[in-house]
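Listed below, chain by chain, are the residues.
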Amino acid sequence: VSQSLISAACEIIELALVGHKLSTSALSAYVIVDLLVRLTSDFVGSVISAGNTLISQIAEREDDAAKAGRYLQLSLMLYGIGYLPCVVMWAFCMDKVLMFLGYDDNI
């Protein structure tokens, strides 16, 4: 519970600093970018979550550490392969997405 409160407080402070040092339009662009990046991260991160579930079941049921290790390596590899195109896409397309949403060039 305390970790959630500290995390939420840090996010609020972060938003307050961005809004204070920049402008409200920059703050809204920051929130949109953060939302899109977090959605992508959560979508790709579900591979790790599914892998953790599978690995724990294999390790407990079959007592096969080598098989569990292979599944761990596979889930990490799929995470990297899945996340790299998302990072590249957001790095090159985020400005176009913000322009599509109606933000101006100086954001």
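This text goes with the structure placed above it.
These remarks concern the structure in this document. Here the residue numbers are simple positions, counted from 1 along each chain's written sequence. The predicted nature of this model means local features are confined to residues of pLDDT at least 70 and side-chain atom pairs, given and counted, to a pLDDT of 80 or more, with totals for whole chains, interfaces and linings taken over all residues. Side-chain metrics in this entry use all non-hydrogen atoms of the structure; hydrogen atoms and water are not considered.

1. Quick look at the packing of helix H2 (residues 24-61) against helix H3 (residues 65-100)
Axis definition: a line fitted to C-alpha atoms, limited for helices to the stretch in contact. Angles are taken between N-to-C directions and run from 0 to 180 degrees. Secondary structure elements follow DSSP: runs of H or I no shorter than four residues count as helices, runs of E no shorter than two count as strands, and numbering proceeds from the N terminus. Taken N-terminus to C-terminus, the directions of H2 and H3 make an angle of 170 degrees; their axes are 9 Å apart at the nearest point. The angle between H2 and H3 places the two elements in the roughly antiparallel class. Within the contact of H2 with H3, the residues separate by chemical class into 24 nonpolar, six polar and one charged. When an angle is under 35 degrees it counts as roughly parallel; over 145 it counts as roughly antiparallel; between 65 and 115 it counts as roughly perpendicular; any other value is oblique. Ten residues, namely Ala, Val, Leu, Ile, Met, Phe, Trp, Tyr, Cys and Pro, are considered nonpolar, four, namely Asp, Glu, Lys and Arg, are considered charged, and the remaining ones, Gly among them, are considered polar.

2. Regarding the environment of Trp 90
As for its position among the elements, Trp 90 is in helix H3. For every residue, the accessible area obtained with a 1.4 Å probe (protein chains only) is divided by the maximum for its type, and the residue is called buried under 20%, exposed over 50%, and partly exposed between those limits. In this structure Trp 90 comes out as buried when scored by relative accessible area, which is 17%. Note on contacts: a residue pair is in contact if any heavy atoms of the two residues lie within 4.5 Å. Setting aside its immediate chain neighbours within four residues, Trp 90 contacts Leu 36, Thr 40 and Val 97.

3. As for H3
In this scheme, a helix's expected span is set at 1.5 Å multiplied by one less than its residue total. Over its 36 residues, H3 runs 49 Å from end to end, which matches the ideal 52 Å to within 8%, given 1.5 Å per residue. The largest bend in H3 is about 55 degrees, located at Cys 93. Residues of H3 that are buried: Ala 68, Ser 75, Cys 86, Trp 90, Met 94 and Leu 98. Tucked into the core, H3 has its buried residues touching H2. Gly 102 sits one or two residues past H3 and shows a positive phi near 100 degrees. Fitting one axis to the seven residues ending at a residue and another to the seven starting there, the bend at that residue is the angle between the two axes.

4. Considerations on the packing of aromatic side chains
Within 6.5 Å between ring centres, the rings of Phe, Tyr and Trp (the latter by its six-membered ring) count as paired, and their orientation is classed by plane angle as stacked under 30 degrees, edge-to-face over 60, tilted in between. Under the defined criterion, the tally for this structure stands at one aromatic pair. Taking 5.6 Å as the distance between ring centres and 20 degrees as the angle between the ring planes, the aromatic pair formed by Tyr 79 and Tyr 83 counts as stacked. Of this pair, Tyr 79 and Tyr 83 both sit in helix H3, separated by four residues, roughly a single helical turn.

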